[in-house]
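Listed below, chain by chain, are the residues.
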Amino acid sequence: MTVVVVIGGGPAGLACAIELRRRGAGEVLVVDREAQAGGIPRHSAHQGFGLRDLRRIMSGPRYAQRYVHLVRRAGADLREEAMVTGWSEASGLELTSAAGRENLRPSAVVLATGCRERPRSARLVPGSRPEGVMTTATLQQLALQGMPVGNRALVVGAEHVSFSAVLTLAHAGVRVVAMTTELPRHQTLELFRAGASLRYRFPLLTRTAVARIRGRSRVEEVELLELESRRTRLIACDTVVFTADWIPDHELSVLGGLELDPGTRGPRADTGLRTTRPGTFAAGNVLQGAEPADIAALSGRHAAGSVARWLAGDRSWPAAVPIECAPPLHWISPNAIGPNAESPPRGRFLLRSRAFARRAAIEIRQDDRLLWSGSARLAPGRSALLPCDWVTAVDPLGEPVQLSTLAG
Amino acid sequence: MTEEAAARDVVIIGAGVVGAAIARELSQFELNCTLVEAGPDVGAGTSKANTALLHTGFDSKPGTLEARLVRRGHELLSEYAPRVGIPLRRTGALLVAWNEEQRRAFPAIVERADANGYTAINEVDRDALYRLEPHLGPGAHGALDVPDEGIVCAFTPPLAYATEALLAGCELRLRTPVTGVQRLEGGGFSVETPSGHLKARYLVNAAGLRSDEIDRMLGHSTFTVTPRRGELIVFDKLARPLLNRILLAVPTGTTKGVLASPTVYGNVLVGPTAENIDDKSDTSSTSAGLAFLRSEAERLLPELLGYDVTAVYVGLRAATEHDDYQLTIHVPEGYACVGGIRSTGLSASLAIAEYVRMELGAAGLPLEPKRELPEVRMPYIGEELPRPYAEESRIAADPDYGRIVCFCERVTGGEIRDALGGPLPAVDLDGLRRRTRVLMGRCQGFYCGAEVRARLAARA
């Protein structure tokens with residue numbers, strides 16, 4: 001009898017299953033819809049994975065393999081190429097695979113479905129619809145399979161993943177003609193930015209939007225709009241990579257009737273990573289897009305503790321107090337406080353802003369009571385870390401907690 | 001250049017929804033037919049970027065051929081679609097008045113529908129309208145309920161028609177643009193293509209946007225096609241519960257206005273814009289068009305803006321200076337011009353084909369029915385009936401129908417394999433998309449883009 005079903009076999013789901021087994025939670029099944037579990041790191045064929053969770057650094061594919069190995073060794077059941085296609089009170093989780101259709105009714109469900117980059121259509125970029133327009137994930141999978149990518153690429157976005165795309169393009173022999181961001185500066189570590197531009201010699205065009213894509217069967221050129229001067233210019237390329245602009249893959253969360261947070265657009269979760277549906281937990285980047293793989297894995301490990309306690313306990317599901325962000329703050333994760341006032345994963349909240357600020361004064365209030373105040377360095381696309389000592393002061397029966405910043 | 005000695009009975013130019021329907025219709029008779037298409041696939045031009053409505057023709061101009069053929073086509077397609085597996089659903093439509101002036105136009109609209117033989121329209125007051133469509137934006141004054149309007153898959157019909165034609169013996173020549181047409185002495189036509197001349201006793205011009213050009217090659221000049229660009233945006237499937245029926249606008253004379261509609265794939269569509277352009281191949285979307293559609297979406301269904309746009313697409317209607325189809329049978333020469341078929345062409349396609357067959361028959365084309373006709377069942381890509389991933393028995397018989405490759409649209413490896421084979425295989429990503437829905441979903445290839453390309457490349 002399967003006690004826990006973990007949906008999604010990326011770093012968060014696999015780390016959660018390993019921890020559940022370690023805590024003796026009983027039979028754990030991880031289902032992954034891809035032919036191979038391991039999640040997004042499978043496609044990132046460069047170094048930089050595993051530092052904070054496995055205490056060693058390896059490549060993405062090695063990291064993914066390592067987790068698959070660990071989850072099997074931990075005695076969890078891992079089923080690949082199996083997709084949860086339905087979720088209802090009447091029939092439980094409906095699983096579709098080559099083995100047919102099955103209905104699962106576990107005691108607990110962990111959603112670890114991850115996030116994805118918003119494609120060109122969701123960004124409403126006008127123009128023709130030629131081949132050669134893709135997200136980083138598609139690019140990296142094409143490159144990994146040794147399939148042709150293109151010759152000259154424009155990279156849209158300037159976050160960590162955008163520089164990961166640059167590495168992949170360079171490795172695939174594609175010249176990067178420029179990187180664009182609508183923001184006034186890039187959002188990665190200065191070291192990455194300087195290193196990449198120096199090594200691959202491409203301009204970073206800030207405050208620049210993609211106004212139009214042209215080309216018949218293949219991309220031929222892109223019209224760029226300088227947001228300050230409103231000047232346009234054409235840049236010749238045959239490939240456009242839309243990077244970052246993450247959105248949690250929340251389809252199952254919606255199907256399961258979970259409340260979503262308007263900021264993260266992932267399921268609302270308290271600091272123990274409980275969603276608004278009893279017995280249902282969420283972990284990793286389905287909560288927010290996107291944190292590095294090791295952070296996602298640690299979130300999965302954190303959720304496992306809550307799942308184990310819930311399985312062993314009285315199975316009550318107390319309501320949590322939501323946390324609301326005022327602009328320019330974009331979201332906080334986790335975004336609710338339960339009555340037990342637990343700590344969030346790693347003892348830190350992740351906070352995102354839509355605007356840059358070197359030292360923003362942050363205030364956390366509930367019912368006009370000041371719970372915490374302090375400062376944080378804010379940059380879109382990168383999380384600031386907030387301490388969690390204030391959660392014990394939250395009134396579990398009070399109004400939503402309000403988070404605001406004074407500096408723009 | 002080779003002159004092919006053997007003359008065909010009929011050559012049909014254009015494998016859009018109209019040309020393919022005519023090929024299907026004529027293939028049911030003892031005729032030697034060839035369908036020639038400039039593009040790489042059937043239904044890959046304007047036919048694929050339609051609003052995908054099943055029109056009753058209630059609002060057509062009474063007395064026109066279009067009015068008659070849309071009405072008949074609605075009947076024929078409603079019967080044909082479930083038989084071959086074309087997704088179709090009679091959702092009903094609400095023609096919404098947003099001010100009193102528009103509401104005062106209702107009696108005239110009902111009168112026109114009556115003149116078109118459509119009498120099932122009911123007026124719905126404001127409160128009833130919001131009960132039917134609780135997510136409708138504020139400010140509506142009432143609506144006309146047109147219960148027989150519906151939605152239909154725009155991709156499957158041309159493929160179904162062409163598959164049926166092929167199986168019945170029709171020849172299909174893809175990537176074969178027609179560069180010239182000549183009348184032959186003693187009757188018949190010579191159709192010039194880069195791969196040679198085709199001789200035909202009868203000629204059907206269903207060249208869509210280029211139907212006027214083909215017509216001119218034969219010395220006629222009664223109409224000019226001006227491509228009318230229509231941009232459409234498709235919202236995420238999660239938005240589907242916001243809408244039950246098609247929301248139509250009160251027509252203003254030049255266009256039918258922007259509509260919101262569920263799609264047979266489970267999305268919500270908003271569009272089209274209407275803009276006359278010069279270039280018959282310019283299917284680019286524009287920032288002005290997209291901004292306008294977003295504002296229209298907000299007006300019609302404000303909550304829509306809380307959902308992502310899954311796809312943007314652009315169609316070019318074959319508009320002419322006339323307000324009817326340019327469907328003329330030139331009897332003595334045996335030439336059927338089937339031009340100027342606008343967005344109602346999908347609804348009317350089977351009726352247009354029937355009409356052309358009868359008129360060509362009257363013009364002397366011998367119509368002896370074939371004794372046996374193929375039975376075609378298309379892969380089902382709608383949401384009304386179970387798709388392969390949801391059918392235990394199909395997965396048991398072939399486990400590839402349980403291996404989901406495209407997660408957003410739940411397309412299985414078995415369906416992709418099928419679409420790359422069969423009598424009319426997909427030759428490119430777009431063809432695969434139209435046959436299976438692969439890559440049509442919210443991730444637009446983030447997960448399966450590389451895998452699908454690899455499967456296509458392995459077949460090519």
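Procedures and definitions
Along each chain, residues carry numbers from 1 onward, in the same order as the chain's sequence is written. Throughout, the order in which chains and ligands are written sets their labels, letters from A for the former and numbers from 1 for the latter. With the structure being a predicted model, the display of local features is reserved for residues of pLDDT at least 70 and the display and counting of side-chain atom pairs for 80 or more, all residues being used for whole-chain, interface and lining totals. Secondary structure elements are taken from DSSP: a helix is a run of H or I of four residues or more, a strand is a run of E of two residues or more, and numbering for both begins at the N terminus. Two things to know: the radius of gyration comes from C-alpha atoms, and the globule rule equals 2.2 Å times the number of residues to the power 0.38. A residue is called partly exposed when the number of other C-beta atoms within 10 Å of its own lies between 12 and 20, exposed at 12 or fewer, and buried at 20 or more, with C-beta atoms placed from the backbone. Contact criterion: two residues are in contact if their C-beta atoms, reconstructed from the backbone, are within 7 Å. For this entry, the nonpolar core is defined as buried Ala, Val, Leu, Ile, Met, Phe, Trp, Tyr and Cys residues connected by C-beta atoms within 7 Å. One fewer than the residue count of a helix, multiplied by 1.5 Å, yields its expected span. In this description, strands pair whenever DSSP reports at least two bridges between them. Only the stretch in contact is used when a helix axis is fitted, and all axes are lines through C-alpha atoms; the angle between N-to-C directions ranges over 0 to 180 degrees. What fixes the domain bounds is an automatic or database domain assignment. Polar here means any residue outside two lists: the nonpolar Ala, Val, Leu, Ile, Met, Phe, Trp, Tyr, Cys and Pro, and the charged Asp, Glu, Lys and Arg; Gly therefore counts as polar.

A. Examining the overall build of chain B more closely. Within chain B, the regular secondary structure consists of 13 helices and 22 strands. Taking 23 Å as the expected radius of gyration for a compact globule of 460 residues, we find that chain B reaches 22 Å, a close match to that expectation. Projected onto its principal axes, the C-alpha coordinates of chain B cover approximately 65 × 55 × 40 Å. Across the 460 residues that make up chain B, the buried fraction comes to 56%. A sequence separation of at least 24 residues applies to 73% of the contacts in chain B between residues at least 6 apart.

B. The overall build of chain A, seen in detail. Check the secondary structure of chain A and you find 8 helices and 28 strands. Relative to the globule expectation of 22 Å for 408 residues, the C-alpha radius of gyration of chain A, 22 Å, shows essentially globular dimensions. Overall, chain A is about 65 × 55 × 40 Å in size when its C-alpha atoms are taken along their principal axes. Out of the 408 residues belonging to chain A, those deemed buried represent 53%. Across chain A, every contact between residues at least 6 apart in sequence was considered, and the portion connecting residues at least 24 apart equals 65%.

C. A look at the nonpolar core. Core analysis: the largest hydrophobic core is formed by 265 residues, its most contacted members being Val110(A), Val152(B) and Ala162(B). Setting aside anything within four residues of it in sequence, one finds Val110(A) in contact with Val4(A), Val6(A), Ile7(A), Gly13(A), Cys16(A), Phe281(A), Ala283(A), Ala303(A) and Val307(A).

D. Representation of helix α8 (residues 287–300) of chain B within the structure. Helix length check: α8(B), at 14 residues, gives a terminal C-alpha distance of 20 Å against a target of 20 Å (1.5 Å per residue), a fit within 8%. Tucked into the core, α8(B) has its buried residues touching β13 (226–235), β14 (246–249), β15 (259–262) and β16 (268–271) of chain B.

E. Layout of the environment of Ala341(A). Residue and element names in this part refer to chain A. Counting through the fold element by element, alanine 341 comes out in the loop between β23 (336–337) and β24 (348–353). On the basis of neighbour count, alanine 341 is assigned to the partly exposed category, with 16 C-beta atoms found within 10 Å. Sequence separation between alanine 341 and valine 84 is 257 residues, and the spatial gap between their C-alpha atoms is 32 Å. What alanine 341 contacts, discounting residues up to four positions off in sequence, is Val391, Thr392 and Val394.

F. Up close: the interface of chain A and chain B. Counting residues at the interface gives 31 residues for chain A, matched by 30 residues for chain B. If you list the elements that add at least two residues to the side of chain A that touches chain B, you get β6 (82–88), β7 (92–97), β8 (100–104), β10 (115–117), β11 (133–135) and α4 (136–144) of chain A. For the side of chain A that touches chain B, the element with the highest residue contribution is α4(A), accounting for 4 residues.

G. Focus on the environment of Val321(A). Residues and elements named next belong to chain A. Tracing the sequence through the fold places valine 321 in strand β21 (residues 321–325). The class for valine 321 is partly exposed, based on 19 C-beta atoms found within 10 Å. Considering only alpha carbons, one finds valine 321 and alanine 336, 15 residues apart in sequence, at a separation of 5.2 Å.

H. Spatial organisation of the sheet that holds β6(A). Residue and element names in this part refer to chain A. Taken in spatial order, the 3 strands line up as β6-β7-β8 in an open sheet, and their pairing is antiparallel. Unpaired on one side and paired on the other, β6 and β8 mark the two borders of the sheet. Strand-to-strand twist in this sheet, taken as the mean axis angle between neighbours without regard to direction, amounts to 25°. Direction of pairing for β7 relative to β8: antiparallel, over a ladder of 5 bridges. Note on β8: the bridge partner recorded for threonine 96 is arginine 101.

I. Seen up close, the pairing of strand β28 (residues 401–405) of chain A. All names here are of chain A. What you see with β28 is a clean split: Val401, Leu403 and Thr405 sit on the buried side and Gln402 and Ser404 on the side with no burial. Bridge count for strand β25 (residues 357–366) against β28 is 4 bridges, and the pairing is antiparallel. Paired with glutamate 363 across the strands is serine 404, a residue of β28.

J. Representation of unusual backbone geometry in the model. Residue Ala290(A) is bonded to the preceding Gly289(A) through a cis peptide linkage, with omega at -15°. Inspection of the secondary structure assignment puts Ala290(A) in the loop between β20 (280–282) and α8 (293–312). Note that the residue after Pro327(A), namely Pro328(A), is joined by a cis bond; omega there is 5°. Considering the arrangement of structural elements, one finds Pro328(A) in the loop between β21 and β22 (329–333). In this structure, Arg346(A) is a non-glycine residue whose phi angle is positive, near 60°. Mapped onto the elements, Arg346(A) comes out in the loop between β23 and β24. By C-beta crowding, Arg346(A) is classed as partly exposed, having 15 other C-beta atoms within 10 Å. For Arg175(B), which is not glycine, the phi torsion reads 50° and is therefore positive. Inspection of the secondary structure assignment puts Arg175(B) in the loop between β9 (171–173) and β10 (180–183).

K. A look at the domain arrangement of chain B. Residue and element names in this part refer to chain B. With domains assigned, chain B is organised as domain 1 (1–88 + 149–224 + 320–382), domain 2 (93–147 + 226–319) and domain 3 (388–459). The C-alpha-based centres of domain 1 and domain 3 are spaced at 29 Å. The interface of domain 1 with domain 3 comprises 14 residues on the first partner and 13 residues on the second. Residues of the side of domain 1 that touches domain 3, tallied by class, amount to 10 nonpolar, 2 polar and 2 charged.

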